[in-house]
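Secondary and tertiary structure notes
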Amino acid sequence: DNCPRLYPDHHNPVYFTRQVRKASMKGCVDFDLKASQLAIFNKLTNCPTLNSLLKDKKSIWIYIANIVNGHDSYNANQKDEWKHLVYSIIFGMSKTNLGVEHSDWKVIKKDPLFKEIMQERKRLINEIKSAGFIIDFYGNKKTLWKDEVHELTLLSYWIKSYELHLVAQLFENNKNGKRRI
């Protein structure tokens, strides 16, 4: 992955399953940047429906459950699949692979919110293609290189640079070490 990410350099609870991680980290502060990728995508685009969903603090998973299941409830497997789908959309997975890897995509892609997201994603991708580069959150210029860096990779890099900044703030705000994170 050629995108900015925080990775531990040794054995770390990040690699544990959710259940094992929660049990082993009991007593630690647990941070969840809920809908962070959607919020970052929203900042870079103009999606009124997404903006409204985020402002109203509505769950994207309940929103998708209503599209797919016709009601508010969903199971953990569905949420995991939808998370992968939403992040794949935001981070630039090809449209072909979206349909191949996600069985619910055929239903979800017809929804007005997701049509709006896909339209804005296309606009961002075209903007990157036209400019030939992006400027990430930190002011770094990342350039398209012939056959080496694809515009979808740059879209992912751009969004992840904002996410990296948000995560870094958690550590910055905990410099005194009063909380185990």
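Above this note sits the structure.
For the structure given in this document, a descriptive report is provided here. Given the structure is predicted, the values throughout are model-derived calculations rather than measurements. (Residues numbered from 1 in each chain as written. Predicted model: local features only at pLDDT ≥ 70, side-chain atom pairs only at ≥ 80, totals over all residues. Heavy atoms only, no water.)

Overview of the overall build of the protein chain
Keep this limit in mind: Each helix is a run of H or I in the DSSP string that is no shorter than four residues. Each strand is a run of E no shorter than two, and both are numbered from the N terminus. Burial here depends on accessible area, computed with a 1.4 Å probe over protein chains only, as a share of the maximum for the residue type. Under 20% is buried, over 50% is exposed, and the range in between is partly exposed. The contact criterion used is simple: two residues touch if any of their non-hydrogen atoms lie within 4.5 Å.
Check the secondary structure of the protein chain and you find nine helices and two strands. Taken from N to C terminus, the helices and strands of the protein chain fall in the order α-α-α-α-α-α-α-α-β-β-α. Looking at the 181 residues of the protein chain, the share that counts as buried comes to 35%. Summarising the internal contacts of the protein chain: among those between residues at least 6 apart in sequence, 54% fall at separations of at least 24.

A look at the packing of helix 3 (residues 48-55) against helix 8 (residues 112-131)
Test applied: Where helices are involved, their axes are fitted lines through C-alpha atoms of the stretch in contact, as for all axes, and angles between N-to-C directions lie from 0 to 180°. Charged means Asp, Glu, Lys or Arg here, nonpolar means Ala, Val, Leu, Ile, Met, Phe, Trp, Tyr, Cys or Pro, and polar covers whatever is left, Gly included.
Put simply, helix 3 and helix 8 touch, their axes get as near as 8 Å, and they point 115° apart. Two secondary-structure elements touch here, helix 3 through P48, T49, L50 and L53 and helix 8 through L113, E116 and I117. Across the contact of helix 3 with helix 8, the residue classes break down as five nonpolar, one polar and one charged.

Quick word on helix 4 (residues 60-68)
Inclusion rule: The arc in question is formed by the directions pointing from the helix axis toward the C-beta atoms. N or O atoms within 3.5 Å of each other form a polar contact, as long as, within protein, one can give a hydrogen and the other can take it, and as long as residues adjacent in sequence are counted only when both atoms are side-chain atoms.
Every buried residue belonging to helix 4 is among I60, W61, I64 and A65, and all of these are buried. What you see down the axis of helix 4 is that its buried residues fit within an arc of 140°, all on one side. Those residues of helix 4 that are buried are in contact with helix 2 (36-44), helix 3, helix 5 (76-90), helix 7 (105-108) and helix 8. For helix 4, the N-terminal cap is S59; the gap from its side-chain oxygen to the backbone nitrogen of W61 is 3.1 Å. Among the residues trailing helix 4, G70 stands out with phi positive, at a value near 80°.

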